[in-house]
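# Structure assessment
If you want the building blocks of each chain, they are given just below.
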Amino acid sequence: MAHKFHGDSWGMAPGARNWRRPLQVHAPDPADVHTTEATIPLWTDLTYADGGTATVKAFALGWTDAAVRIQWVEKSLARYAWVDASKVRRRVLEQR
């Protein structure tokens, strides 16, 4: 039996509708962006256009002194944004 798409009546995937994009900083020049092979876990405070805020667990995909490109999961989908570096703090992962 073939797997069928279970989107809503508008053809959108679950979690894609009613999602608010956080405010972002402008993407820096790619030549100025630093990266590593492993993603870096972090916490970041997101701000929305309506004044709302949220703290999310995320990963740093690239960064400069002023901005960090993050990835986090919200409503079952991976989200990406450039955020102000002052809104980001490192997560400490315990080694087992």
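Above this note sits the structure.
### Considerations on the sheet that holds strand E4 (residues 77-84)
- The 5 strands are arranged E4-E3-E2-E1-E5 in an open sheet whose pairing can be described as antiparallel. The open sheet has two edge strands with one neighbour each: E4 and strand E5 (88-90). Across the sheet, the axes of successive neighbouring strands diverge by a mean angle of 40°, strand direction being ignored.
- Pairing of strand E3 (residues 67-74) with E4 involves 8 bridges; the strand directions are antiparallel. Following the sheet pairing, valine 73 is matched in E4 by alanine 78.

### Remarks on the environment of arginine 79
- Summarising the element assignment, arginine 79 is placed in strand E4.
- Classification of arginine 79 as buried rests on a relative accessible area of 8%.

### Examining the side chain of arginine 79
- With no salt bridge to any partner, buried arginine 79 finds its closest opposite charge in glutamate 74, at an N-O distance of 5.4 Å.
- Among the polar contacts listed, one links the side chain of arginine 79 to the backbone oxygen of glutamate 74, at a separation of 3.2 Å.

### Section: the nonpolar core
- Counting residues in hydrophobic clusters, the biggest one holds 13 residues, and the most contacted among them are Leu42, Leu46, Val68, Ile70, Trp72 and Val83.
- Only strand E1 (40-47), strand E2 (53-63), E3 and E4 provide two or more residues apiece to this core.
- In contact with valine 83, not counting residues within four places along its chain, are Val25, Thr44, Leu46, Ala66, Ala67, Val68, Ile70 and Val88.

Basis of the calculations
- Residues numbered from 1 in each chain as written.
- Predicted model: local features only at pLDDT ≥ 70, side-chain atom pairs only at ≥ 80, totals over all residues.
- Heavy atoms only, no water.
- Pairing = 2+ DSSP bridges.
- Helix = DSSP H or I, 4+ residues; strand = E, 2+ residues; numbered from the N terminus.
- Axes fitted to C-alpha atoms, helices over the stretch in contact; angles between N-to-C directions.
- Buried < 20%, exposed > 50% of the residue type's maximum accessible area, 1.4 Å probe, protein only.
- Lys, Arg positive; Asp, Glu negative; His and termini not counted.
- Salt bridge = Lys/Arg side-chain N within 4 Å of Asp/Glu carboxyl O.
- Polar contact = N/O pair within 3.5 Å; in protein donor to acceptor, adjacent residues only side chain to side chain.
- Core = buried A, V, L, I, M, F, W, Y, C linked by side-chain atoms within 4.5 Å.
- Contact = heavy atoms within 4.5 Å.

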